[in-house]
Amino acid sequence: MNVSDAVKARRTIRGYLPDPIPDDVIHEIFEIARHAPSNSNTQPWHFAVVSGNARDRLQAAIFDEINAGTKPYPTFPSGGVGLHGIYKERRRACGFGYYATMGIDRQDMAARNRLLLKNWEFFGAPHVGFLSMPETMHRANAVDLGIFLQTVMLLMTERGISSCPQGALGSYPGPVKAIADIPEGNAILCGLSFGYADEGAQINEVRMSREPLDTIASFTS
Ligand SMILES: Cc1cc2nc3c(=O)[nH]c(=O)nc-3n(C[C@H](O)[C@H](O)[C@H](O)COP(=O)(O)O)c2cc1C
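Computed from a predicted structure; not experimentally measured.

Parameters at a glance
Residues numbered from 1 in each chain as written. Predicted model: local features only at pLDDT ≥ 70, side-chain atom pairs only at ≥ 80, totals over all residues. Heavy atoms only, no water. Axes fitted to C-alpha atoms, helices over the stretch in contact; angles between N-to-C directions. Helix = DSSP H or I, 4+ residues; strand = E, 2+ residues; numbered from the N terminus. Parallel < 35°, antiparallel > 145°, perpendicular 65-115°, else oblique. Left-handed = near helix turned anticlockwise from the far one by under 90°. Contact = heavy atoms within 4.5 Å. Nonpolar A, V, L, I, M, F, W, Y, C, P; charged D, E, K, R; others polar. Near = heavy atom within 4 Å. Polar contact = N/O pair within 3.5 Å; in protein donor to acceptor, adjacent residues only side chain to side chain. Areas by Shrake-Rupley, 256 points an atom, 1.4 Å probe, with all protein chains shown as cover. Phe/Tyr/Trp six-rings, centres within 6.5 Å; stacked < 30°, edge-to-face > 60°. Buried < 20%, exposed > 50% of the residue type's maximum accessible area, 1.4 Å probe, protein only. Lys NZ or Arg CZ within 6 Å of the ring centre and 35° of its normal.

Asks: In this structure, what is going on with the packing of helix α2 (residues 23-33) against helix α6 (residues 139-158)? I would like to understand it.
Replies: Helix packing geometry: the angle between the two helix axes and the distance between the axes. Two elements in contact, α2 and α6, have axes whose closest approach is 9 Å; the angle formed by their N-to-C orientations is 135 degrees. By the angle class used here, α2 and α6 are oblique. For the element pair α2 and α6, the recorded crossing hand is right-handed. Contacts between α2 and α6 involve Ile29, Phe30, Ile32 and Ala33 from the first element and Phe148, Thr151, Val152, Leu155 and Met156 from the second. Partitioning the contact of α2 with α6 into residue classes produces eight nonpolar, one polar and no charged.

Encoded structure:
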């Protein structure tokens, strides 16, 4: 699989088999991903992988907060903040496409909420990772984390491993910091659930479109 194939083959997967990925494969992915570029070579990323018993304890601890009525308290503003115009429309289309695939009526808020909650079940994936950077850093440094995240996802695609990037996993940092090994002073930008796809799962039938080339790039000479 070359890079072009991996970019086109990767898509967000939200239904997983329980089988864990061998440790050496996970380590190899991050060993290669650390070659990603960053502004002034600052390498501000940190990726904390949580698996096995710790993964189950983390899910339970997050649901303790959700069930207690705790509202999301991300350190960095979520990606939904400040959206307007075409970006707001695309976000709505993304949600409605997702609900349609799952047979959920867009007015059915209870069903929509049940789907939302799957974020903190890590969609059944056996592994979840948290991407963090120093809390004092801001937008320009988030670019570096985005590059790192896509590098990780493509390396996973190359190895037949599926993933779901999740801004939602920055919503309840308390339990994450208590259980995952997040460096002191870092804040979570997003998470990544990953594992082997459950190919038969309905939730994996979601397909997202893309804008045509002339709307996302311009070429002047
Ligand atoms: C930074 C980032 C945050 C995301 N957050 C979530 C999330 O919280 N929950 C979720 O189900 N999908 C999330 N997604 C997945 C996007 O919805 C998905 O990438 C987009 O719809 C395009 O679909 P594709 O990845 O299948 O091409 C996120 C993706 C990115 C890159």
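Asks: I'm lost on the site of the ligand in this one. Help?
Replies: Around the ligand sit 13 residues in total, of which Thr12, Arg14, Asn119, Gly167 and Arg210 are the nearest. The side chain of arginine 14 places a nitrogen or oxygen atom 2.8 Å from an oxygen atom of the ligand. Isolated, the ligand exposes 620 Å² of accessible area, and the fraction of that covered by the protein chains is 68%. Looking at the shell around the ligand residue by residue, the class counts come to five nonpolar, four polar and four charged.

Asks: Mind showing me how you'd approach the packing of aromatic side chains here?
Replies: Here a ring pair, both rings aromatic, is described through the centre-centre distance and the interplanar angle of the planes. Enumeration over the complete set of coordinates arrives at seven aromatic pairs. Judged by centre distance (6.0 Å) and plane angle (85 degrees), the ring pair of tyrosine 73 and tyrosine 172 falls under edge-to-face. Here tyrosine 172 lies in the loop between β3 (162-166) and α7 (173-179) and tyrosine 73 lies in the loop between α3 (52-67) and α4 (85-101), a separation of 99 residues in the sequence. Relative to tyrosine 172, the ring of tryptophan 120 lies with its centre 5.5 Å away and its plane at 80 degrees, an arrangement referred to as edge-to-face. Taken together, the residues tryptophan 120 in the loop between α5 (109-117) and β2 (127-134) and tyrosine 172 in the loop between β3 and α7 connect sequence positions 52 residues apart. For tryptophan 120, a relative accessible area of 6% puts it in the buried group. An aromatic cluster is present here, built from Phe30, Trp45, Phe47 and Phe148 joined pairwise through their rings. The ring of tyrosine 98 is capped by arginine 14, whose NZ or CZ atom sits 4.5 Å from the centre of that ring.

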